[in-house]
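# Remarks on the overall topology
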Amino acid sequence: LLRGCSETAEFGSQLLYLQGQLMSAAAALATDPQNPPRNVILPEERSIEVIESLIDMMEASLPELKAFILPGGNQTSSYCHIARCVCRRAERAVVKLGSREKVSPVITRLLNRTSDLLFVLGRYTLHVSGNQDIKWER
């Protein structure tokens, strides 16, 4: 993904950290609201800052987005856009759940920012592979 990038190891460790935070969110959402465990492990607020820094790092090397783009361009970018759609769907489901049960706001923010990260990651993987965004033509 980031071959030749001096920040590859840091990028990878941050992605692993975020995967752990998403697992914390999933575990919190899977708890029985009628019988919650004593110490539900929620995602850390810091996870939002990690996402923002990753987005900023990738966007620094991307051309400015001046039009809507179509997902795809290569297989890796396509997978990022599919994951983004799944993440948005999960976010909507969590918001709906929040109308019936107590849901920590950090979970919704984590899902929202993760979907934005996946969008930028899709663009970034396309860019580092030497390809360009596919502009949407109406």
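Throughout what follows, the structure given in this document is the object of discussion. Just so it is clear, the model here is predicted, and its values are computed rather than measured. (Residues numbered from 1 in each chain as written. Predicted model: local features only at pLDDT ≥ 70, side-chain atom pairs only at ≥ 80, totals over all residues. Heavy atoms only, no water.)

### Re the packing of aromatic side chains
Our working rule: For Phe, Tyr and Trp, rings pair up if their centres lie within 6.5 Å, where Trp contributes its six-membered ring, and each pair is then called stacked (planes under 30 degrees apart), edge-to-face (over 60) or tilted (otherwise). Numbering of helices and strands runs from the N terminus, with a helix taken as a DSSP run of H or I at least four residues long and a strand as a DSSP run of E at least two residues long. Buried means the residue's accessible area, taken with a 1.4 Å probe over protein chains only, is under 20% of the maximum for its type, while exposed means over 50%, and partly exposed covers the values in between. Over a ring means this: the NZ of a Lys or the CZ of an Arg is within 6 Å of the ring centre and within 35 degrees of the ring normal.
Within this structure, the stated rule accounts for one aromatic pair. Considering the side-chain rings of F68 and W136, the 6.0 Å spacing of their centres and the 75° angle between planes classify their relative orientation as edge-to-face. Taken as a pair, F68 in the loop between α2 (46-59) and β1 (69-70) and W136 in the segment after β2 (134-135) lie far apart in primary sequence, 68 residues in all. Since its relative accessible area comes to 63%, F68 is described here as exposed. Across from the ring centre of Y17, 4.3 Å away, lies the NZ or CZ of R46, which sits over that ring.

### Quick look at the packing of helix α3 (residues 75-98) against helix α4 (residues 105-128)
Going by this rule: Lines fitted to the C-alpha atoms define the axes, with helices restricted to the stretch that makes contact. Angles between their N-to-C directions range from 0 to 180 degrees. The cut-offs work like this: below 35 degrees is roughly parallel, past 145 is roughly antiparallel, 65 to 115 is roughly perpendicular, and the gaps in between are oblique. The crossing is said to be left-handed when, going from far helix to near helix, the turn is anticlockwise and less than a right angle, and right-handed when the turn is clockwise. Following the grouping adopted for this structure description, the nonpolar residues are Ala, Val, Leu, Ile, Met, Phe, Trp, Tyr, Cys and Pro, the charged ones are Asp, Glu, Lys and Arg, and the polar ones are all others, Gly among them.
In the contact formed by α3 and α4, the axes pass within 8 Å of each other and the chain directions differ by 165°. By the angle between their directions, the pair α3 and α4 is classed as roughly antiparallel. Here α3 and α4 pass one another in a crossing that is left-handed. Within the contact of α3 with α4, the residues separate by chemical class into 12 nonpolar, nine polar and four charged.

### Quick notes on the nonpolar core
Selection criterion: The set of buried Ala, Val, Leu, Ile, Met, Phe, Trp, Tyr and Cys residues whose side-chain atoms join them within 4.5 Å is what this entry labels a nonpolar core. Contacts between residues were defined by any pair of non-hydrogen atoms, one from each residue, lying within 4.5 Å.
Within the largest apolar cluster, 26 residues are counted, with the highest numbers of intra-cluster contacts made by L18, I51, L54, M58, I107, L117 and L121. Elements supplying a minimum of two residues to this core: α1 (8-30), α2, α3 and α4. Sequence-distant contacts of I107, defined by excluding residues within four places in its chain, comprise A25, A28, L29, L42, P43 and V94.

### With respect to α3
Heads up, the rule is: A helix is expected to span 1.5 Å multiplied by its residue count minus one. Each polar contact in these results corresponds to two N or O atoms within 3.5 Å; when the atoms are within protein, one needs to be able to donate a hydrogen and the other to accept it, and residues that are neighboring in sequence are counted only if both atoms are side-chain atoms.
With 24 residues, α3 ought to run about 34 Å at 1.5 Å a step, and its terminal C-alpha atoms sit 35 Å apart, in line with that. For α3, the full list of buried residues reads S77, C80, H81, C87, E91, V94 and L97. Sitting at the head of α3, N74 places a side-chain oxygen 3.3 Å from the backbone nitrogen of T76.

### Considerations on the layout of surface pockets
For clarity, the threshold we go by: For each structure, a 1 Å grid was placed over the protein atoms alone; sets of points admitting a 1.4 Å probe that cannot get out are labelled cavities, open sets with protein on both sides within 12 Å along at least five of seven lines are labelled pockets, and lining residues have an atom within 4 Å of a point. Grid points are joined across faces, edges and corners, and a volume is the space filled by probe spheres set on the points.
When its volume is computed, the largest pocket comes out at roughly 330 Å³. Lining the largest pocket are 14 residues, and of these A28, T31, K102, V103 and S104 lie nearest its centre. Partitioned by chemical class, the residues of the lining of the largest pocket number nine nonpolar, two polar and three charged. Volume-wise, the second largest pocket comes out at about 240 Å³. As for the second largest pocket, its lining consists of 15 residues, of which P63, R123, Q132, D133 and K135 are closest to the centre. In the lining of the second largest pocket, the residues fall into seven nonpolar, three polar and five charged.

### Concerning the environment of N39
Relative to the elements of secondary structure, N39 occurs in the loop between α1 and α2. Considering only alpha carbons, one finds N39 and A28, 11 residues apart in sequence, at a separation of 9.7 Å.

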